[in-house]
Amino acid sequence: MKAESHIESLEKKHLSLEKELHTILASPSSCDQEIADIKRRKLQIRDEIEHLKKK
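Reference entry: report on the structure contained in this document. Each chain has its residues counted from 1, following the order in which its sequence is written. A pLDDT threshold of at least 70 governs which residues receive local features in this predicted model, and a stricter bar of 80 or more applies before side-chain atom pairs are shown or counted, although totals over entire chains, interfaces and linings include all residues. To get the side-chain values, all heavy atoms of the structure are used, and hydrogens and water are removed first.

Once that is clear, we can look at the nonpolar core. In terms of nonpolar packing, the biggest core is built from 10 residues, these being Ile7, Leu10, Leu17, Leu21, Ile24, Ile35, Ile38, Ile45, Ile49 and Leu52. Contacts were defined at the residue level, with two residues in contact if any of their heavy atoms lie within 4.5 Å. Setting aside residues no more than four positions away along its own chain, Ile49 makes contact with Ile7, Leu10 and Glu11. Throughout this description, the term nonpolar core refers to a set of buried Ala, Val, Leu, Ile, Met, Phe, Trp, Tyr and Cys residues connected via side-chain atoms within 4.5 Å. When a residue's accessible area, from a 1.4 Å probe over protein chains only, is under 20% of the maximum for its type it is buried; when over 50% it is exposed; and in between it is partly exposed.

Right, here's the structure in full:
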């Protein structure tokens, strides 16, 4: 059960980053580095979720 709750937590973080990314992309003064950082964090979380689901 612990892994499932951890996966849920990661999925919530991933969704939060997705919303943050959409907000930044809608801004005309968005910073490319900030966008890249968010995308990188999203990929790391997604990879961790996939790793946990395979166990």
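Look at helix α1 (residues 2-26) against helix α2 (residues 32-54): their axes get within 9 Å of each other, and the N-to-C directions meet at 160°. Looking at the two axes, α1 sits roughly antiparallel to α2. Here α1 and α2 pass one another in a crossing that is left-handed. Two secondary-structure elements touch here, α1 through His6, Ile7, Leu10, Glu11, Lys13, His14, Leu17, Glu18, Glu20, Leu21, Ile24 and Leu25 and α2 through Glu34, Ile35, Ile38, Lys39, Arg41, Lys42, Ile45, Arg46, Glu48, Ile49, Leu52 and Lys53. Here the axes come from fitting lines to C-alpha atoms, over the contacting stretch only for helices, and the angles between their N-to-C directions go from 0 to 180 degrees. Helical segments are the DSSP runs of H or I of at least four residues, strand segments are the runs of E of at least two, and each set is numbered from the N terminus. Comment on the angle field: the value is read as roughly parallel under 35 degrees, roughly antiparallel over 145, roughly perpendicular from 65 to 115, and oblique elsewhere. In this scheme, a crossing is called left-handed if the near helix is turned counterclockwise away from the far one by less than a right angle; it is called right-handed if the turn is clockwise.

Between the first and last C-alpha of α2 there are 33 Å, a value that for 23 residues agrees with the 33 Å anticipated at 1.5 Å per step. The complete set of buried residues in α2 reads Ile35, Ile38, Lys42, Ile45, Ile49 and Leu52. A helix is expected to span 1.5 Å for every residue after the first.

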